[in-house]
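Report on the structure
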Amino acid sequence: MSSWGHLENRFGREQPRKLLALDGGGIRGVLTLEILAEMERQIAAATDITCLGDYFDYIGGTSTGSIIAAGLAVGMSTSELLKFYQDFGAQMFEKTALLERLTTLVSNLYQDEPLAAKLKEVFHADAKDSAKLADLSTRRLRCLLLVITRNMTTDSPWPISTNPFAKYNDLSRDDCNLRIPLWQLVRASTAAPVFFPPEIVRLNPKNPNDIRVMVDGGITPYNNPAFLLYRMATQPAYRLNWKTGEQNLLLISVGTGAAPGTTQATSRNVVGNLQNLPSELMYGVQVDQDINCRTFGRCVHGAPIDNELGDLVLSQEQEQTAKSYGRFFRYARYNADLSEKGLKKLDATLDADHELSAVPRVAKIPPVEVQKMDAVEQMDNLRKIGLAVAKTEVNVKKHFGSFLPSR
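Residues numbered from 1 in each chain as written. Predicted model: local features only at pLDDT ≥ 70, side-chain atom pairs only at ≥ 80, totals over all residues. Heavy atoms only, no water.

Now for the side chain of N169. One can find N169 in the loop between β6 (156-161) and α8 (182-189). A polar contact of 2.9 Å, which involves the side chain of N169, links it to the backbone oxygen of S161. Not counting residues within four places of it along the chain, the set of residues in contact with N169 comprises S161, T162, N163, P164, C176, N177 and L178. (Helix = DSSP H or I, 4+ residues; strand = E, 2+ residues; numbered from the N terminus. Polar contact = N/O pair within 3.5 Å; in protein donor to acceptor, adjacent residues only side chain to side chain. Contact = heavy atoms within 4.5 Å.)

Take a look at the structure:
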């Protein structure tokens, strides 16, 4: 039997491939989902493919992006995932009782049990048997999946995929990654230090002492997993060896919103600086990964990086000149600027297009509040921002090019 198993018909032959990368960002994942919902709608209108897990061949996510990536990979729609966040967002960030923290020395702000329980319910193997948990070899997966975690045991990033050819996915190994329950891998990727306790993963049934202490992938260099996803699809070490080239590989990257330079460090005390440090480091890493993608790939859409680099999207004249260069993939990046200036600019774009009059305006949304990764009460505002970005930016016919065949 082929190594592809139930995915043989889809992956058993060489053809152009499509990758989707989803950033981490806590409850701001609902912003990502509004962008994906518009993408889903436009793809369905053009191709009759209604599930993003059937359109994209390899979906990778970090932290909250791993929840969305896994959901899409098992065939969930964006509306189902939005309902998941709407219904269980508060449970995912249920604060540990202050008394419990003081008496038991619990150092995490949120309980992990509600999230773990819900992930077990969503990612079971058999829809008729919720007790039967799916591992990474489950037949429910419609495409390849990549989840980014950090292994505290080895102090290193741990990108774990369902690629059947990967070294540590060999079923003959005692420590085969494919035996990790899907819910547990997603739970590990979302275990943000301070917010949630680590996830303990036991890979080797023959050695009970062989454990992995895993935490949120957002504290690796891959909170934006786009460039890593490209590497894992193409580098020989990962044994997938998908063909590179602008006509062979499409990479779409979706963020959870960013807010560069919103608060001056000089106006903060020491505690304020420490509280903002993780987000600021994540933002810097996110930008660096984006630049890598725009440098090695042909960027067809994305907001400006800075005043020096611009957006690295080629003009028509540059396009003609650069055709002989050859890039490794076609690339588009969708994200929201959550600063006050960014929200006002987004509003102005909506106002300039009369066809978007029905889209909610966002300029009066409090930027400091929607920048928080655990602001459950801001879900509606985050969805409005995501919808505004989706309606003003997502254009699959233009951005996806030859990767969007007609019916």
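Still to come is the rest of the account.
With that settled, consider the packing of aromatic side chains. One pass over the full model with this rule turns up 15 aromatic pairs. Relative to Y85, the ring of F84 has its centre 5.7 Å away and its plane inclined at 80 degrees; by these criteria the two rings are edge-to-face. The pair formed by F84 and Y85 is uniform in burial state, with each residue classed as buried. For the ring pair F84 and F88, a centre distance of 6.0 Å and an interplane angle of 45 degrees mean the geometry is tilted. With a gap of four residues between them, F84 and F88 both fall in helix α5 (residues 78-92), about one helical turn apart. Residue F88 is classed as partly exposed on the basis of its relative accessible area, which comes to 22%. Clustering of aromatic rings is evident, with ring pairs tying together F227, Y230, F296, F328, F329 and Y331. One cation-aromatic arrangement involves K18 over Y55; the distance from NZ or CZ to the ring centre is 4.9 Å. (Phe/Tyr/Trp six-rings, centres within 6.5 Å; stacked < 30°, edge-to-face > 60°. Buried < 20%, exposed > 50% of the residue type's maximum accessible area, 1.4 Å probe, protein only. Lys NZ or Arg CZ within 6 Å of the ring centre and 35° of its normal.)

Further remarks concern the confidence of the model for the protein chain. Close inspection of predicted coordinates is inappropriate for parts of the model with low pLDDT. Averaged over every residue, the pLDDT of the protein chain is 85; residues scoring 70 or more account for 83%. When the criterion is pLDDT under 50, residues 96-107 qualifies, and its contacts beyond four places in sequence or with other chains add up to 13 contacts. When the criterion is pLDDT under 50, residues 262-267 qualifies, and its contacts beyond four places in sequence or with other chains add up to four contacts. (pLDDT = per-residue confidence, 0-100.)

Further remarks concern the packing of helix α4 (residues 64-73) against α5. At a minimum axis separation of 11 Å, α4 and α5 run at an interaxial angle of 140 degrees. Put simply, α4 runs oblique to α5. Crossing hand, α4 versus α5: right-handed. Taking contact as the criterion, the partners of T64, I67, I68, G71 and L72 in α4 are, on α5, T78, L81, F84, Y85 and M92. The residue inventory of the contact of α4 with α5, partitioned by class, reads seven nonpolar, three polar and no charged. (Axes fitted to C-alpha atoms, helices over the stretch in contact; angles between N-to-C directions. Parallel < 35°, antiparallel > 145°, perpendicular 65-115°, else oblique. Left-handed = near helix turned anticlockwise from the far one by under 90°. Nonpolar A, V, L, I, M, F, W, Y, C, P; charged D, E, K, R; others polar.)

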